[in-house]
Amino acid sequence: MEIPVISSLQKLILYESKARFYIVGSNVTETRFRVLKIDRTEPRDLVIQDDKVEYDRDEVINVLTTLDHGNRTKIKGTGIRQTLSAYGIFGFVRFLEGYYIVLITKRSCKQLIGPHAIYKIEDTSMVYIPNDTVRYFHPLESRYVKIFQTMDLSNDFYFSYSYDLTRMLQYNMAPSLTPQSLATDDNVSHNQQQDGNTESGNKKQDGSTESGNKKQDGNTESGNKKQDGNTESGNKKQESNTQSHDGKRHTLTGVRSQPSWKFVWNKHLLKSFWNIVHNDWVLFITHGFIGQCKMSVYGKPIYITLIGRRSNQFAGTRFLKRGSNCEGCAANEIETEQIVHDGSRTFLDRGCITSFTQLRGSVPLSWSQDVVKMVPKPAILLDKKDPYADIAGLHFNQILKRYGAPIIVLNLVKRREKKPHESILKEELMETIKYLNQFLPPQHVIQYIGFDMAHVSKRKTADVLVRLEKIAKYCLKQTGFYLQLPSNHQGSIQNDKMLKGINGTWSKNGCRQNGVVRTNCVDCLDRTNTAQFAVGKCALAYQLYVLGVLEDPELDFDSDCVRMLEMLYEDHGDTVALQYGGSQLVHRIKGYRKIAPWTEHSRDIMQTLSRYYSNAFSDLEKQQSMNLFLGVFTPQEDKQNIWELSTDYYLHNRNCTKLVRNTNKLYSQWWDTCIIQHLPLSCEEEMKTTEELFLMVESTDSDERLNEFAEYYKPWTFTVLEELTCYKHSSSIRNIMPKGARDISPFSVRVISNQTSEATGLNADSRSNNKNPNVSGKDSTTSVGSEGSTSSSEDSDVEGEVCLSETSNSDDSDVDLSYTSFSDLFPSMKQVYRTDITEPTKRNQKLYERYVELGSVNDQLEETKEQTPCSQLLPSIELFPISAYKLDSSFHVEIPPISRHSKDIYHSYIERGKYGAGPPTDKDYAMYQKYVGSKYS
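Residues numbered from 1 in each chain as written. Predicted model: local features only at pLDDT ≥ 70, side-chain atom pairs only at ≥ 80, totals over all residues. Heavy atoms only, no water.

**Here we look at the pattern of salt bridges**
And step 1. Considering all chains together, one arrives at 35 salt bridges under this definition.
And step 2. Between Arg57 and Glu30 there is a salt bridge whose closest N-O contact spans 3.2 Å. With a gap of 27 residues between them, Arg57 in helix α1 (residues 57-70) and Glu30 in the loop between β3 (20-26) and β4 (33-39) connect regions that are remote in the sequence.
And step 3. Take Glu30: its relative accessible area is 30%, and that puts it in the partly exposed class.
And step 4. Where Arg322 meets Asp523, a salt bridge forms, and the shortest distance between an N and an O atom there is 2.6 Å. One end of the pair, Arg322, is in the loop between β13 (300-310) and β14 (334-342); the other, Asp523, is in the loop between β23 (516-520) and α13 (526-547), and 201 residues separate them in sequence. In this structure, Arg322 and Asp523 share a single accessibility class: buried.
And step 5. Salt bridges sharing partners connect three or more residues here, namely Arg167, Arg309, Glu335, Glu337, Arg402 and Glu684. (Salt bridge = Lys/Arg side-chain N within 4 Å of Asp/Glu carboxyl O. Helix = DSSP H or I, 4+ residues; strand = E, 2+ residues; numbered from the N terminus. Buried < 20%, exposed > 50% of the residue type's maximum accessible area, 1.4 Å probe, protein only.)

What follows is the structure in structure tokens.
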């Protein structure tokens, strides 16, 4: 059985001596240790020694004791001293002097994907390696350090010890080994497999690291041999104990694939050591956004996870990085993955899990904006003419390789402008895609959908989200989504009528997503985020349907479920906007739905000013820091400094000076041959079994590197429920559901259309509609457009050779909306007063009967007074007012009496505001003592 390998080095301690740094890494239970030695006598070079030996607790204590005694001097009694503790190595970096080591000193577990914990980096520490006696001083070193530290590593950087965050869930769940290789590995013993495969690819470096270290390694050779003998006998004993009754071994194969270096943000910092040391020392850090929330469906937990992976290629800030570089890497390219899984099953292979992936990125052309003039919207310039679409071809070639076909380009730039601005990109992109499609098979061509989102949102009666929902449904049916079913549910949904028309590769195990939706506007921020939310909402409906919690794959916009998804996408958009644009989102999803309150306009203005200020004054410094961090610029003494460069164009476009085109490909073949052979499937997934693994371990389930149960539940530690990650998640019942709501279903509509119309300030004619079009899924109405003709302009808003209409869905037709029904003129009581006529409860019935009896008794008293005015009154119930207010009228109002106690409270409130809080009273002391006693007794 194939499972991910869990890193055994999750705790690090840095020891320091004058000659070396010693990093002692251990697992969580501190039963397995490794030692890494870093030489401090080299002023500029990085010398790392890793003996690749695993120690137990007693052995590592002996090693540290030996090192301590060996490094002691007569002047100072101490040998080695502990400097700091960490959770992982971020990497090594060098500027003009020696190397620095960057350690992760603080982390927090934010999300869970099955049993795999996702950690966010909260703090790091940067330690200079060479000692003061050999240090080479350079006057510009401090300035480079300051620029490097401008990159805040405590914001939006994530890692995991067991899950590959650089890959999609669909790739991670695909097998890495063929059945033939698994059968071959069964014949190899546990020790041979561990000693051979875990260190594959490192034998070449072992020869270089062993030289010059014989003296130091000699002290530990005897201990290592002893350890090897003990482990061999222990492994044999373990193998005999893990045999089943039928005599067969139950072995597990742990694998760790090569990461997608495109999303590894510490790639430059890993270059100097990752192929020298053991693989457990290496952590792959991603940058972007990860959010998760928990939806409770009548007690059943459903986790919704949103992962935004930001590419490290052609990365930068808003106006300084536009379009694509000469290698086809787009600016602000982010892969957004939406994972939904059943939280009642801990392990991914035993539960039902599904995901949907989409992409955003700048328009893949060679274009830029003139930032010399400080204007809100600089002019868009096409930097060079590309008649053979080389840049776009390289970009779409990368997408085909990673995601397969079809590629759906959702272009949201403006089409109609008095002065051409965004429309320049629209025309060029359409021509480029038309040219590239000539050389693709007809069934795998790039599909183009143009939608002028800004133009449609300006209409009072038009609804952007309704049109986007139709586009989203078309895109989802073309690409499909990923679905992994457990063994006991395999083949249960193959003949489902609701899933007919959904493309993808279906099997009894589930479905694979083929292709991707690539969304872009000019900035890929506000409009793109709203469009991706619409696509994600459509995908979520189908994901919940295949999980068995929805009867139909339809979701209302004003349900708790969609509100949770909206919050995730807005957090995702805010994070990306801060990284790329310098401010949070300006135009939010509620603004496009036209339900945002008027106070949002002032917030949008402030965000616009913040973005303008960041682009004008701080983007250059952020760009320099990012270029230095990612290794785009490497400081050298004989070359220009990074702040002396007039432009970084040639840093990101290193091949632009080549006069001869790449002759390996024809002009008509912009794609790789291996990609076409696997379409519509992803070439990377199909070739996964042929790639060299980063790490492979074969052992039993008692090995903690393969024990997902122990990694998730941690039975060796004291667990507090309030501190669990799953408990801290945003919950649909605790955080989203309105207080006092009786229906706890996350799919119930919480907002009524009349209230929404009043909040948006629509006219009286639009309020007469019986349903909010956002809730019902219908378009607003057929109204008089900007040209003065009464017609639906929906078809003219969408551009491209795609058909978004569905003949089976008659609710979307404009003919039905042109007639006025009886319910339009006379809305129901529930729509107007937010209540409905129902059968009264027994309690209300008794109250009403008592009220009627009181009235009848009062009528009898009045009749008795008229007939016998001098007779004694019949006994009755006397009613006394309990309110302190008088029976006022519209002509006379008396001031209500105020008690002394109320006056004292008001006076003490005024005094507290003037002079601050006074000393606590005896009553307050007694109340606090009672509280402390009840809490800690």
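Still more ground to cover, so stick around.
**Considering the sheet that holds strand β5 (residues 48-50)**
And step 1. The five strands lie next to each other as β5-β4-β3-β2-β6, forming an open sheet whose pairing is antiparallel. Two strands lie at the open edges of the sheet, namely β5 and β6 (81-86), each paired on one side alone. Direction aside, neighbouring strands of the sheet carry axes that sit 20° apart on average. (Pairing = 2+ DSSP bridges. Axes fitted to C-alpha atoms, helices over the stretch in contact; angles between N-to-C directions.)

**A few points about the confidence of the model for the protein**
Detail in the predicted coordinates should be disregarded across regions flagged by low pLDDT.
And step 1. When pLDDT is averaged along the protein, the result is 81; 80% of the residues meet or exceed 70.
And step 2. When mean pLDDT is taken per element in the protein, strand β10 (residues 157-159) scores highest with 97 and helix α27 (residues 814-817) scores lowest with 34.
And step 3. Per-residue pLDDT stays below 50 along residues 752-792; that stretch engages in 67 contacts with residues further than four places along the chain or on separate chains. (pLDDT = per-residue confidence, 0-100. Contact = heavy atoms within 4.5 Å.)

**Section: the pairing of strand β8 (residues 99-113)**
And step 1. Relative to β8, strand β7 (residues 88-94) runs antiparallel, the two sharing six bridges. Within β8, the position partnered with Phe92 by the bridge is Ile101.
And step 2. Linking β7 back to β8 in an antiparallel pair, the connection comprises four residues.
And step 3. Summarising the sheet, β8 and strand β9 (residues 116-128) pair through 12 bridges and their orientation is antiparallel. Within β9, the position partnered with Ile101 by the bridge is Val127.
And step 4. Joining the antiparallel neighbours β8 and β9 is a turn of two residues, in which Gly114 adopts a positive phi near 65°.

**Quick word on the pairing of strand β2 (residues 11-16)**
And step 1. Strand direction decides the pairing type here: β2 and β3, joined by six bridges, are antiparallel. Opposite Tyr15, over in β3, you have Tyr22 as the bridge partner.
And step 2. Adjacent in sequence and paired antiparallel, β2 and β3 are bridged by three residues.
And step 3. Pairing geometry for β2 and β6, over five bridges, is antiparallel. Within the sheet, the bridge partner assigned to Leu14 lies in β6 and is Leu84.

**Examining the packing of aromatic side chains**
And step 1. If you walk through the whole model with that rule in mind, you get 25 aromatic pairs.
And step 2. With a centroid separation of 5.3 Å and 85° between ring planes, the pair formed by Phe159 and Tyr161 is classed as edge-to-face.
And step 3. Ring geometry for Phe533 versus Tyr569: centroids 6.1 Å apart, planes at 70°, classification edge-to-face. Highlighted residues: Phe533 in helix α13 and Tyr569 in helix α14 (residues 560-580), separated in sequence by 36 residues. Here Phe533 and Tyr569 have matching classes, each one buried.
And step 4. An aromatic cluster of at least three residues, connected via ring pairs, comprises Phe90, Phe95, Tyr100, Tyr128, Tyr144, Phe148, Phe157, Trp265, Phe629 and Trp643.
And step 5. The side chain of Arg135 reaches across the aromatic face of Tyr128, ending 4.1 Å from its centre.
And step 6. Above the ring of Trp643, the side-chain terminus of Arg143 is found at 3.9 Å from the ring centroid. (Phe/Tyr/Trp six-rings, centres within 6.5 Å; stacked < 30°, edge-to-face > 60°. Lys NZ or Arg CZ within 6 Å of the ring centre and 35° of its normal.)

**Here we look at α13**
For an α-helix, the turn length of 3.6 residues means that residues three or four places apart are oriented alike.
And step 1. Compared with an ideal rise of 1.5 Å per residue, which puts 22 residues at 32 Å, α13 spans 31 Å between its outermost C-alpha atoms and is within 8% of the ideal.
And step 2. Of all 22 residues that make up α13, 22 are buried, and the element is covered over most of its length.
And step 3. Following α13 by one or two positions, Gly548 has its phi on the positive side, about 90°. (Expected span 1.5 Å × (residues − 1).)

**Some points on α14**
And step 1. With 21 residues, α14 should cover 30 Å at 1.5 Å per step; its first-to-last C-alpha distance of 30 Å lies within 8% of that length.
And step 2. With respect to burial, α14 is a largely interior element, 17 of its 21 residues being buried.
And step 3. Just downstream of α14, Gly582 is the residue with a positive phi angle, here 90°.

**A short note on the packing of α13 against α14**
And step 1. Contact pair α13 / α14: the axes reach a minimum separation of 10 Å and the direction vectors enclose 140°. Here α13 lies oblique to α14, going by the angle between them. α13 and α14 meet at a crossing whose hand is right-handed. Contact residues: Asn529, Gln532, Phe533, Gly536, Lys537, Leu540 and Leu544 in α13; Cys561, Val562, Leu565, Glu566, Tyr569, Glu570, His572 and Gly573 in α14.
And step 2. Classifying every residue of the contact of α13 with α14 gives seven nonpolar, five polar and three charged. (Parallel < 35°, antiparallel > 145°, perpendicular 65-115°, else oblique. Left-handed = near helix turned anticlockwise from the far one by under 90°. Nonpolar A, V, L, I, M, F, W, Y, C, P; charged D, E, K, R; others polar.)

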